[in-house]
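The residues making up each chain are set out below.
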Amino acid sequence: MTARTEIDAPLQRRTDWIWHLGVVAFLAVWWLVYHQLIPFSEWITALFPIDRHSHTGEAIAFFFYDVPKVMMLLTLIVFAMGVVRSWFSPEKTRALLSGKREGVGNVLSAGLGILTPFCSCSAVPLFIGFVSAGVPLGVTFSFLIAAPMVNEVALVLLFGLVGWQVAVTYLGFGLGIAIVAGFVIGKMRLEGWLQDWVRDIHSGADTPAAIDEERLTMVDRYRLGIEAVREILAKVWMWIILGIGMGALIHGYVPEDMMARIMGADAWWSVPAAVVMGIPMYTNAAGVIPIVEALLGKGAALGTVLAFMMSVIALSLPEMIILKQVLTMRLIAVFVGVVGSGILAVGFLFNLIF
Amino acid sequence: MKTVKVYGPGCKRCETTESMVKDTAATLGIEISVEKISDPREIAMAGIMSTPGISVDGKLVHAGGLPDAAKLKDWLSA
């Protein structure tokens, strides 16, 4: 804080302008490069001594187009979300949600779940922080379901690899599941199923005063955006390359109808099977989506694939182990049951419609 | 001597924060004792909702994400 106020005001304003111009320049360069990706991938593919129209040629072109495209989209969106999230904090979200009625509270909570910075490693302190401040249990669950499931990495990958219609649908139904599942859990009045010590904090309700709100300048917010890009790209780049690589192989080699037979809409059991398979699998959105895209391309039904993806992201075993510290097994079972039913419903609905 | 507590369940960022605190104190020549708190109950009781969090002499100064290097200096030397 002090270091920054010591700088002369005019100089400060000048460095601010350099930042603003830098962001604009970055957007312009991004736009130009993004529109050169197809020529770029064709150029790379032509360097290989392989027929462009062979399976291998297809796979190579697919790989060298999708990897840079997804990386660029991620950089842009993660940066934007990093900047937007700097206006939100768990403390502010809690203040907005405490004492909210169920229903309205669930809707607000799921929406804030997307905008509030969240990492699954702080799921437990966040859960306690919410519940102890009088945020209803069901409303807290809406937040905890939406925050990991509807995230910008999943949406960008769906948008970039499958199409915007599917991305928007995922956003809508992800929010829908978070709202409805939280509402249902709230109606069940399960506060007694928290671990004992959590209930004690709850009834005591003595949450210490929060830290003084840190004042951020616009440049600070840019920096937070850049930090978010660095952190997320470092975490997911390998998954993206692996995932798109797998996708490219499936794209080029797996016979047209094989997936349609296994994961097609006709097989009713495919949706529950996809959900059950997704639970023990733990990967982030980046790892699973390129596979999803290739499966879809080969005739797997959209509902089945989305159900699989939601299950992998929202119902992960490691997260349940973390939550075990605050929830009893019975409550975790209800959580899995309610969220799982929501995902099943989405899967069946989609297979019916599309 | 200042007592600094670093709150975090053990994610990578929490470890980085702990070593940042130690390094900064060493550079400033301030003697501190660092305590790492990973019990979720204690983290919650301290009023922290996003980790890592830092408290200096019982006063919470930071929660969520890596601390800013310049601010960290201020907290430790205040």
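Residues numbered from 1 in each chain as written. Chains lettered and ligands numbered in written order. Predicted model: local features only at pLDDT ≥ 70, side-chain atom pairs only at ≥ 80, totals over all residues.

(A) Seen up close, the interface of chain A and chain B. Between chain A and chain B, the contact holds 22 residues from the first and 21 residues from the second. Secondary-structure elements contributing two or more residues to the side of chain A that touches chain B are α1 (2-6), α5 (90-97), α7 (123-132) and α11 (196-204) of chain A. Here the element with the most residues in the side of chain A that touches chain B is α7(A); it accounts for 5 residues. Among the residues making up the side of chain A that touches chain B, the classes are represented as 14 nonpolar, 6 polar and 2 charged. (Contact = placed C-beta atoms within 7 Å. Helix = DSSP H or I, 4+ residues; strand = E, 2+ residues; numbered from the N terminus. Nonpolar A, V, L, I, M, F, W, Y, C, P; charged D, E, K, R; others polar.)

(B) Spotlight on the packing of helix α3 (residues 37-47) of chain A against helix α4 (residues 55-85) of chain A. Residue and element names in this part refer to chain A. It is the contact of α3 with α4, at a shortest axis distance of 9 Å, that shows an interaxial angle of 140°. Comparing the axis directions of α3 and α4 gives the class oblique. Once α3 is placed against α4, the crossing between them reads as right-handed. Counting all contacts with α3, which are made through L37, I38, S41, E42, I44 and T45, the residues of α4 involved are G57, I60, A61, F64, Y65, P68 and K69. (Axes fitted to C-alpha atoms, helices over the stretch in contact; angles between N-to-C directions. Parallel < 35°, antiparallel > 145°, perpendicular 65-115°, else oblique. Left-handed = near helix turned anticlockwise from the far one by under 90°.)

(C) Quick peek at the domain arrangement of chain A. Residue and element names in this part refer to chain A. We note that the domain assignment places domain 1 (19-85 + 218-248) and domain 2 (90-202 + 254-353) within chain A. Measuring from the centre of the C-alpha atoms in domain 1 to the corresponding centre in domain 2 gives 27 Å. Taken together, the contact pairs 19 residues of domain 1 with 17 residues of domain 2. For the side of domain 1 that touches domain 2, the secondary structure elements donating two or more residues are α4 and α12 (218-253). Per element, the largest residue contribution to the side of domain 1 that touches domain 2 is 10 residues, and it comes from α4. (Domains from an automatic or database assignment.)

(D) Geometry of the pairing of strand β3 (residues 53-56) of chain B. Residue and element names in this part refer to chain B. Two strands pair when backbone bridges link them, and strand β1 (residues 2-7) and β3 are joined in this way by 4 bridges, in the antiparallel orientation. Bridge pairing links V4 to V56 in β3. Of the pairings in the sheet, the one linking β3 to strand β4 (residues 59-63) comprises 4 bridges and is antiparallel in character. Among the inter-strand pairings, S55 is bridged to a residue of β4, identified as L60. The antiparallel hairpin formed by β3 and β4 contains 2 residues in its connecting segment, where D57 sits at a positive phi of about 50°. (Pairing = 2+ DSSP bridges.)

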